[in-house]
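Commentary on secondary and tertiary structure
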Amino acid sequence: MSTDTWFVTGGTPGGFGMAYAEAVLARGGRVALTVRRPEELDAWAEEHGGDALVLPLDVTEPDGVRAAVAAAEEHFGGIDVLVNNAGRGWYGSVEGMDEAAVRHTFEVNFFSVLHVTRAVLPGMRSRGGGWVVNMSSVAGLVGTPGFGFYTAAKFALEGMTEVLRHETEPFGIRVMAVEPGAFRTRAYAGFTNEPVREPLTAHLPMLEEVRAAMVSRDGVQPGDPARGVRAVLAAMERNEPPHRLVLGAAGYEAVAARWEESLAALRADEALSRGADFPPGG
């Protein structure tokens, strides 16, 4: 995998995208890294020469996505690994979040992944293999109050990723979802200057509490993006890679507790579930 070419979205400095790019280059690979403000990475790209290609991209624009993928394929001759990393969460209650904000949340966290994946897959199929790594979230497995639609978008991403894995397996393409918990990226940095705005006041105390918790954790999150990426690379190199990988101790505990609770509840209602079928022979 060391000489593979990677296409990574969401290359904001200090985030997972840059951590992937640095790890790939350190292993002798090549990387196309997309970012909304490419001038931030001019010096970085120059340092790595032809092995690093920085591409300006708003992942919510399908035409731009196709152009960026085509540019990366032309520059490197193909894409071996796609990392769908771009994403962003916003506060909002399920009842009161503005509908335009809801739709934008899905555009950024779900439909953008669909656009990029559909643009990259034809090249992978023609070459008979590849990897798609979708950066989801612990919120894609465990609901997060105050981020209901970010949660919903990540749940949708989890479902799409699971089906994609089955559909692409015959073409030699592997697919994995990665679910980070709280990592020390710039994800929380904007929340300090991002007040809660929602016309429905009933949920404002809850949202303000969630916001305050996020702001207080900015810069002290336990997760290390570089270590997280190393964990993903190690998982990809297994003979039988996992279908999903939760990152971070707190995230692992939260997901394990939720799945154990869900399995116990499922089994507790087994008789009701099985009783919904027609009787045998009926």
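Residues numbered from 1 in each chain as written. Predicted model: local features only at pLDDT ≥ 70, side-chain atom pairs only at ≥ 80, totals over all residues. Heavy atoms only, no water.

1. A word on the overall build of the protein chain
When you go through the protein chain residue by residue, the secondary structure sums to nine helices and seven strands. Taking 2.2 N^0.38 as the reference for a compact globule, 282 residues should give roughly 19 Å; the C-alpha atoms of the protein chain span a radius of gyration of 20 Å, in line with that estimate. When the backbone C-alpha atoms are referred to their principal axes, the protein chain occupies close to 60 × 55 × 35 Å. Restricting to contacts in the protein chain with at least 6 residues of sequence separation, those with at least 24 account for 69%. In the structure as shown, the protein chain presents an accessible area of about 14300 Å², 54% of it carried by carbon and sulfur atoms. Distance between charge centroids for the protein chain: 2 Å, based on 25 positive and 37 negative side chains. (Helix = DSSP H or I, 4+ residues; strand = E, 2+ residues; numbered from the N terminus. Rg over C-alpha atoms; globule rule 2.2 N^0.38 Å. Contact = heavy atoms within 4.5 Å. Areas by Shrake-Rupley, 256 points an atom, 1.4 Å probe, with all protein chains shown as cover. Lys, Arg positive; Asp, Glu negative; His and termini not counted. Charge placed at Lys NZ, Arg CZ, Asp CG, Glu CD.)

2. Regarding the sheet that holds strand β6 (residues 173-180)
With parallel pairing, the seven strands of this open sheet are ordered in space as β3-β2-β1-β4-β5-β6-β7. Of all strands in the sheet, those bounded by a partner on one side alone are β3 (52-56) and β7 (244-247). Here the strands of the sheet are splayed against their neighbours by 15° on average, with no regard to which way each runs. Across four bridges, strand β1 (residues 5-8) lies against strand β2 (residues 30-35) in parallel orientation. Looking at β2, one finds that Trp-6 is bridged to Val-31. Along the sheet, helix α1 (residues 16-26) contacts β1, β2, β3, β4 (81-84), β5 (130-135), β6 and β7; its crossing angle with β2, the most-contacted strand, is approximately 165°. Here helix α5 (residues 148-168) sits on the sheet in contact with β5, β6 and β7, set at roughly 160° to β6. (Pairing = 2+ DSSP bridges. Axes fitted to C-alpha atoms, helices over the stretch in contact; angles between N-to-C directions.)

3. Section: the environment of Ala-71
When you line up the elements, Ala-71 lands in helix α3 (residues 62-76). Expressed as a C-alpha distance, the spacing of Ala-71 and Ala-32, which sit 39 residues apart in the sequence, is 9.2 Å. Setting aside residues no more than four positions away along its own chain, Ala-71 makes contact with Leu-53 and Leu-55.

4. Quick look at the nonpolar core
Counting 33 residues, the largest nonpolar core has Trp-6, Tyr-20, Val-31, Trp-44, Val-133, Val-232 and Met-236 as the members making the most contacts within it. No other element matches α1, which puts eight residues into this core. In contact with Val-232, other than residues within four places in its own chain, are Tyr-20, Val-133, Met-176, Val-178, Leu-245 and Leu-247. Core analysis: the second largest hydrophobic core is formed by 27 residues, Val-65, Ala-68, Ala-119 and Leu-164 among them. (Core = buried A, V, L, I, M, F, W, Y, C linked by side-chain atoms within 4.5 Å. Buried < 20%, exposed > 50% of the residue type's maximum accessible area, 1.4 Å probe, protein only.)

5. Points about the pattern of salt bridges
Overall, the coordinates contain 11 salt bridges when judged by the stated rule. The salt bridge involving Arg-244 is made with Glu-158; its shortest N-O contact spans 3.3 Å. Taken together, the residues Arg-244 in strand β7 and Glu-158 in helix α5 connect sequence positions 86 residues apart. Taken together, the shared-partner salt bridges connect Glu-158, Glu-162, Glu-179 and Arg-244 into one network. (Salt bridge = Lys/Arg side-chain N within 4 Å of Asp/Glu carboxyl O.)

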